[in-house]
Amino acid sequence: MNAIINLYAGLGALLDQAGSYIGLLSVRLLLAWEFWESGVEKFRGDNWFADIQGDFPFPFNWVPVDISWFLSTWFELAGAIALVIGLGTRFFSISLIILTFVAWTSVHAGNGYNVCDNGYKLALIYLVMFVPLLLNGAGKLSLDHWLARRFLKS
């Protein structure tokens with residue numbers, strides 16, 4: 001019985017070690033892919049925010065649509081790059097959380113949960129995925145971690 005417990009504990013320790021490198025990286029990469037695609041679509045497309053600005057939550061409904069479009073596009077593109085390399089992860093996580101919240105309330109909330117109906121399911125998934133990045137940072141495979149070890153030695 002002790003052998004099984006020791007094997008389980010050893011396997012758990014290996015998974016903990018791998019998770020500190022790979023776990024948050026996988027979340028970062030998936031979110032980066034999704035936001036990069038959205039940013040590229042906005043970059044290449046026409047500004048449709050004027051059609052939904054009235055649905056934006058306060059104070060975002062007061063921001064001119066051209067500024068909203070510009071900020072949304074560039075936060076998605078820059079945020080995606082930052083998530084891939086793990087730089088400014090907490091800043092870009094909160095920025096993209098706000099962006100996702102605005103998208104949820106203005107575009108997806110009235111369509112129910114189902115993705116096929118343009119519902120809020122993906123927005124909810126993205127928000128949940130950002131929680132560990134916001135609370136734990138980027139993980140060990142990141143520039144954030146390297147910079148902290150290099151310059152914040154205690």
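Our structure's up above, just so we're on the same page.
## Some words on the nonpolar core
One recurring pattern in soluble globular proteins: nonpolar side chains tend to sit buried together. Counting residues in each nonpolar core, the largest one holds 15 residues, and the members touching the most others are V27, L31, F35, L83, L96, F130 and L133. Elements with a contribution of two residues or more to this core: helix 1 (2–44), helix 2 (65–85), helix 3 (89–108) and helix 4 (121–136). In this structure, L31 is in contact with L83, Y126, M129, F130 and L133, ignoring residues within four places of it in sequence. Formed by 6 residues, the second largest nonpolar core is a distinct cluster that contains F49, F56, V65 and W69.

## Focus on the pattern of salt bridges
Pairing is possible between side chains that carry opposite charge, provided their charged atoms lie close to one another. Scanning all chains against the criterion turns up 1 salt bridge. The partner of K42 in a salt bridge is E76, and the shortest N-O contact between them spans 3.3 Å. With a gap of 34 residues between them, K42 in helix 1 and E76 in helix 2 connect regions that are remote in the sequence. Note on E76: relative accessible area 5%, which makes it buried.

## What about the packing of helix 1 against helix 4?
It is the contact of helix 1 with helix 4, at a shortest axis distance of 10 Å, that shows an interaxial angle of 130°. Between helix 1 and helix 4, the crossing angle belongs to the class labelled oblique. Two packed elements cross with a definite hand, and for helix 1 against helix 4 that hand is left-handed. Each of L24, V27, R28, L30, L31, E34 and F35 in helix 1 lies in contact with helix 4, whose residues at this interface are Y126, M129, F130, P132, L133 and N136. Here the residues of the contact of helix 1 with helix 4 are counted per class, giving 10 nonpolar, 1 polar and 2 charged.

## Comments concerning unusual backbone geometry
For the bond running from F58 to P59, omega is 5°, close enough to zero to count as cis. With phi around 60°, N118 is a residue other than glycine that occupies positive phi space. Considering the arrangement of structural elements, one finds N118 in the loop between helix 3 and helix 4.

## Some thoughts on the side chain of R28
For R28, the position within the fold is in helix 1. For the buried R28, no salt bridge is present, and the opposite-charge side chain at shortest range is D144, 7.1 Å distant. A distance of 2.7 Å separates a polar side-chain atom of R28 from the backbone oxygen of L83. Apart from residues lying up to four places away in sequence, R28 is in contact with L83, V84, I85, G86, T89, L133, A138, L141 and S142.

Scoring rules and cut-offs
- Residue indices follow the written sequence of each chain, beginning from 1 at its first position.
- Predicted model: local features are reported for residues with pLDDT of at least 70 only, side-chain atom pairs are reported and counted for 80 or more only, and whole-chain, interface and lining totals are derived from all residues.
- Water and hydrogen atoms play no part in the side-chain values, which are based on all heavy atoms of the structure.
- Throughout this description, the term nonpolar core refers to a set of buried Ala, Val, Leu, Ile, Met, Phe, Trp, Tyr and Cys residues connected via side-chain atoms within 4.5 Å.
- Burial classes: relative accessible area under 20% of the type maximum marks a residue as buried, over 50% as exposed, and values in between as partly exposed (1.4 Å probe, protein chains only).
- Put simply, DSSP H or I for four residues or longer makes a helix, DSSP E for two residues or longer makes a strand, and each gets a number counted from the N terminus.
- Throughout, a residue-residue contact means that at least one pair of heavy atoms, one from each residue, lies within 4.5 Å.
- Note on definitions: salt bridges are taken to be side-chain nitrogens of Lys or Arg within 4 Å of carboxyl oxygens of Asp or Glu.
- In this description, a line fitted to the C-alpha atoms serves as the axis of each element, helices being fitted only across the stretch in contact, and the angle between N-to-C directions of two axes falls anywhere from 0 to 180 degrees.
- Our angle categories are set so that under 35 degrees counts as roughly parallel, over 145 as roughly antiparallel, 65 to 115 as roughly perpendicular, and the remainder as oblique.
- Each crossing gets its handedness from the near helix: less than a right angle anticlockwise from the far helix is left-handed, clockwise is right-handed.
- Three residue categories are used. Nonpolar comprises Ala, Val, Leu, Ile, Met, Phe, Trp, Tyr, Cys and Pro, charged comprises Asp, Glu, Lys and Arg, and polar comprises the others, including Gly.
- Residues counted as positive are Lys and Arg, residues counted as negative are Asp and Glu, and His and the chain ends are not counted.
- Nitrogen and oxygen atoms within 3.5 Å of one another constitute a polar contact, given that in protein one can donate a hydrogen and the other can accept it, and given that sequence-neighbouring residues count only through two side-chain atoms.

Nothing here speaks to function; it is geometry throughout.
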